[in-house]
Amino acid sequence: MRLHKIVTSVAAFAVVSTGLIAGTSNMDVEKVFEKECQGCHGPNHEGGVGSDLRPKVISKKNSYVLSEAILNGRAGTAMPPFKEKFSKADADKMVDWLQHFKGQKVKQLTLQTVKDGWEKLNDRMEFYKKYPTAVDVKKNTDICFVTERDAERVAFVDGTTGKILSKHPAGFAVHVTVTNKRQPRYAYSISRSGLVTMFDLNTPGQQKIAQVQVGSDSRGLAVSPDGKYLMAGNYVPGGAVLMDAMTLEPLKVYPTSSVIDPDGNIGSSRVAGIVDTPYGPYIAFALKDGGHVYIVDYSKPNFPIVGDIPNIGKILHDGFLNEGKEIGRYLFIASQGSDVIGVVDFKTKSLVTKIYTGPSAKPHPGQGSSWFHEGLGQQLGATVNMNLGQVTIWDDNFDVIRQIPIGGGGLFIGTSEHTPFLWADNVLGGEANWNKVHLINKQTLELDRIITVGKKQGTVIDPVTHKVLYKWNVPTVKDAKGKAITPRILHAEPANHGHWTMISEWNAGRIGIYEAKTGKFVKYIEGLTTPTFTYSIEHRQTIPGA
C-alpha cells in the first residue's frame with residue numbers, strides 16, 4: 001500500500017525521532033492512546049485530522065520535539081497540552097511506543113457482539129402509560145442535553161430557566177446526543193467508548209430505558225424521521241449499527257473493515273458523520289478513511305445500502321443538510337484531508353460538487369448553519385474551519401461567496417430564525433482567541449460583534465468601532481495550581497423558544513446564556529464538568545438531520 005501523504009495536523013503530535021529511552025512510567029500507553037489520541041490519529045496511527053504517526057513516517061524524527069508537543073500541545077490546533085495528565089516520563093514512553101508500534105489486528109463488527117452488549121434498564125411501556133406528559137418541565141421539548149465530557153455524563157437542563165434537572169453516567173467522553181423527532185420524549189447519547197443510551201424525558205429525572213455497547217470507539221448518531229430506527233457509527237470496530245429506536249435492540253451491522261480509499265488502497269475505515277433526512281427513507285453514513293458516503297434505505301427489507309458515493313475526499317467527518325427548497329435533499333459532508341465540503345444528492349445518490357474551503361482549512365461544520373439571505377434570494381450555508389480562523393459561506397449554486405476572517409480555528413457554527421447572527425467559536429485558536437465567539441450578520445455577511453469571556457470580565461464589542469456594547473462580571477475560575485484560567489468557549493446553541501443562545505465554557509464548568517438578538521449576557525448555568533456539546537430539543541425539531 002502506498003504511504004498516505006502526511007496531513008499537517010490539527011491534532012498532531014508533531015514529528016519525532018528514534019532513540020528515545022522511556023523514563024520510569026507506569027502509564028498503559030496503548031489504553032491511553034485509544035482514549036485520548038485514536039480519534040484524531042487513527043487506530044493504526046494512520047492519521048486523519050492528526051498526522052500519520054506510523055513508524056515508517058516518524059521513526060527517524062526528533063523524539064524530544066514530540067515529547068514536548070505532547071506535554072505542551074500545539075497552539076492553533078486541536079492538539080491540547082497533556083502536561084496536567086502526563087509526566088515527562090509518560091510522554092517519553094508514549095513516543096517510544098509510537099516509534100516502535102507494530103500495528104494491531106483489525107477488529108470485526110458483528111451483529112452478535114452488539115446484541116451481547118444490549119441491556120434493558122426500564123420498562124418503556126410502563127413509563128409511557130404512567131407519564132403521558134413531562135414531569136420536570138412544561139414540555140419535553142424545553143429540555144436541553146449537555147454532554148459533560150470528563151465526568152462521563154449527560155446532564156439535562158430546562159432550556160427555559162437554566163435549571164439542571166438530572167445527570168446520568170453515559171460512558172467515556174460522551175460525544176453526541178440526538179432526539180426522536182417523531183416522539184421527542186425519547187433521547188439518545190453515544191460516548192467515545194461506544195455506549196449508546198436511551199432516555200425517557202417525560203419521567204422524573206429523565207430515566208434510562210436501555211443501553212447497548214456498539215463498539216469500543218464511536219462517534220455519530222441519527223434517528224430516522226419516522227422515529228423507528230437509530231443508527232450509530234463506530235471508529236472501532238469500523239462500521240455502522242442500525243437499532244430499533246424504541247428499544248435499542250440491534251437490527252443490522254454494516255462493517256467497514258475492507259473498503260477502497262481515495263488513493264486506491266484497501267483497508268479498514270472508521271465511520272464518522274451519520275445523517276438522517278426528511279427527503280426520503282434514508283440514513284447516510286460517512287466512511288472517514290474510505291472517502292465514501294453510504295446511503296441506507298430503512299424502508300426496504302433487510303435495510304440495504306442503496307447508494308455508494310465514492311471519492312468525496314480524504315478524512316470525512318461531520319456534516320449537515322440543506323434547508324429551504326427541497327429540504328434535506330443535499331448532504332454537506334466535510335472532508336478534512338482534502339479541505340472540501342462534499343455535496344451529496346439524496347435524489348440522484350451522487351456527488352454533485354465539492355466546495356473548497358481553503359488550503360489546510362480542515363472544515364468542521366458541526367451541525368452547520370443554513371439560512372435565507374433576503375438580498376440574494378437564496379438559502380446559504382456555512383462552516384467554520386479547524387486550522388484557519390475563517391468562516392466559509394456558499395450559496396444555492398454551491399459556490400463560495402465569502403470567506404470571513406475570525407480569531408482562530410473553530411469547531412461549531414450555529415444560528416436560528418430568532419437571531420440575526422451566525423455564532424462561530426474559535427475554540428482551537430489558542431488561548432488568545434479560544435475565549436471568543438464571533439457574531440456574523442446573516443444579511444450583510446460582515447462581522448457584527450465579538451463576545452469575549454475574560455478571567456474577570458466579559459464584553460460584547462463592535463469590531464469596527466471597538467465600542468463596548470455590553471459588559472458583565474465573570475466569576476474567576478482557577479486551575480489545580482490556583483492560577484486563573486482563560487475560559488475556553490464553544491458550541492452556540494439556541495434555547496428558550498429562540499430568546500437565548502447557550503455557549504459552553506469547557507474548562508470553566510459552566511454554560512453562558514446570551515440574548516439571541518443582541519449577544520447580551522444573561523446568566524450562567526454552573527456546576528457542570530467540561531460541558532462540551534449542547535442540544536436544544538425544541539430547536540433541533542426544526543433542523544433536518546440534526
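Residues numbered from 1 in each chain as written. Predicted model: local features only at pLDDT ≥ 70, side-chain atom pairs only at ≥ 80, totals over all residues. Heavy atoms only, no water.

Next up on the list: the overall build of the protein chain. Along the backbone of the protein chain there are seven helices and 37 strands. Expressed as lengths along the three principal axes of its C-alpha atoms, the size of the protein chain is roughly 60 × 60 × 45 Å. By residue count, 61% of the 546 residues in the protein chain fall in the buried class. Within the protein chain, counting contacts between residues at least 6 apart in sequence, those at least 24 apart form 52% of the total. Side chains of the protein chain carry 62 positive and 53 negative charges; the gap between the two charge centres is 2 Å. (Helix = DSSP H or I, 4+ residues; strand = E, 2+ residues; numbered from the N terminus. Buried < 20%, exposed > 50% of the residue type's maximum accessible area, 1.4 Å probe, protein only. Contact = heavy atoms within 4.5 Å. Lys, Arg positive; Asp, Glu negative; His and termini not counted. Charge placed at Lys NZ, Arg CZ, Asp CG, Glu CD.)

Okay, the nonpolar core next. Formed by 46 residues in total, the largest nonpolar core has its most connected members in Tyr 188, Val 196, Val 214, Leu 221, Leu 230 and Leu 248. With residues near it in sequence (within four places) discarded, Val 214 still touches Leu 109, Val 114, Ile 190, Gly 194, Val 196, Ala 232, Asn 234, Val 241 and Met 243. Val 29, Leu 53, Ile 58 and Trp 97 belong to the second-largest nonpolar core, a separate cluster that totals 20 residues. (Core = buried A, V, L, I, M, F, W, Y, C linked by side-chain atoms within 4.5 Å.)

Let us now look at the environment of Ile 503. Its place among the elements puts Ile 503 in strand β34 (residues 500–505). On the basis of relative accessible area, Ile 503 is assigned to the buried category, the value being 2%. For the pair Ile 503 and Gly 47, spaced 456 residues apart in the sequence, the C-alpha separation amounts to 30 Å. Contacts of Ile 503, omitting those with residues within four sequence positions, involve Trp 423, Val 437, Ile 451, Ile 489, Leu 490, His 491, Ala 492, Arg 510, Ile 511, Gly 512 and Tyr 514.

As a further point, take a positive patch on the surface. Side chains of Lys 83, Lys 455, Lys 481 and Lys 483 sit close together on the surface and give a patch of like positive charge. Structurally, Lys 455 can be placed in the loop between β30 (447–453) and β31 (457–461). We classify Lys 455 as partly exposed; its relative accessible area is 35%. (Patch = residues over 30% accessible without salt bridge, like charges linked within 9 Å, V, L, I, M, F, W, Y side chains within 5 Å. Areas by Shrake-Rupley, 256 points an atom, 1.4 Å probe, with all protein chains shown as cover. Salt bridge = Lys/Arg side-chain N within 4 Å of Asp/Glu carboxyl O.)

Time to look at the side chain of Asp 297. Looking at the element boundaries, Asp 297 is found in strand β17 (residues 293–297). For the buried residue Asp 297, which engages in no salt bridge, the nearest side chain bearing the opposite charge is Lys 300, 4.0 Å off. A polar contact of 2.5 Å, which involves the side chain of Asp 297, links it to the side chain of Ser 299. Beyond its immediate sequence surroundings of up to four residues, Asp 297 is in contact with Pro 281, Tyr 282, Phe 303, Pro 304 and Val 306. (Polar contact = N/O pair within 3.5 Å; in protein donor to acceptor, adjacent residues only side chain to side chain.)

The four strands lie next to each other as β4-β3-β2-β37, forming an open sheet whose pairing is antiparallel. With one partner strand each, in any of the chains shown, β4 (164–169) and β37 (531–536) form the two edges of the open sheet. Shown here is a sheet whose adjacent strand axes are inclined to one another by a mean of 20°, direction ignored. Note: strand β2 (residues 143–148) against β37, four bridges, orientation antiparallel. Bridging across to β37, Cys 144 finds its partner in Ser 536. (Pairing = 2+ DSSP bridges. Axes fitted to C-alpha atoms, helices over the stretch in contact; angles between N-to-C directions.)

Packed helices, taken two at a time, are described by the angle their axes make and the gap between the axes. Running from N to C, helix α3 (residues 63–72) and helix α4 (residues 88–99) point in directions that differ by 125°, and their axes come no closer than 9 Å. Put simply, α3 runs oblique to α4. Note that α3 runs across α4; the crossing there is right-handed. Each of Ser 63, Leu 66, Ser 67, Glu 68, Ile 70 and Leu 71 in α3 lies in contact with α4, whose residues at this interface are Lys 88, Ala 91, Asp 92, Met 94, Val 95, Leu 98 and Gln 99. Here the contact of α3 with α4 is built from residues that sort into seven nonpolar, three polar and three charged. (Parallel < 35°, antiparallel > 145°, perpendicular 65-115°, else oblique. Left-handed = near helix turned anticlockwise from the far one by under 90°. Nonpolar A, V, L, I, M, F, W, Y, C, P; charged D, E, K, R; others polar.)

Another aspect to go through is the pairing of strand β19 (residues 316–321). When a strand is regular, its side chains alternate between the sheet's two faces. Most of β19 sits out of view: six of its six residues are buried. Where β19 and strand β20 (residues 330–335) come together, four bridges link them in antiparallel fashion. Within β20, the position partnered with Phe 320 by the bridge is Phe 332.

What follows covers the pattern of salt bridges. Under the definition given, this model contains 13 salt bridges. Across the salt bridge formed by Asp 150 and Arg 149, the nearest N and O atoms sit 3.1 Å from each other. A relative accessible area of 16% means that Arg 149 is categorised as buried. Lys 314 is paired through a salt bridge with Asp 263; the nearest N and O atoms lie 3.2 Å apart. With Lys 314 in the loop between β18 (305–309) and β19 and Asp 263 in the loop between β13 (259–260) and β14 (266–267), this pair connects stretches of sequence that are 51 residues apart.

The next subject is the sheet that holds strand β15 (residues 271–277). Strand order across the open sheet formed by four strands is β15-β16-β17-β18, with antiparallel pairing between neighbours. Each having just a single partner strand, β15 and β18 make up the two edges of the open sheet. Geometrically, the sheet is characterised by an average inter-axis angle of 20° between neighbouring strands, direction not taken into account. In the sheet, β15 pairs with strand β16 (residues 282–287) via five bridges, with the strands oriented antiparallel. Paired with Thr 277 across the bridge in β16 is Tyr 282.

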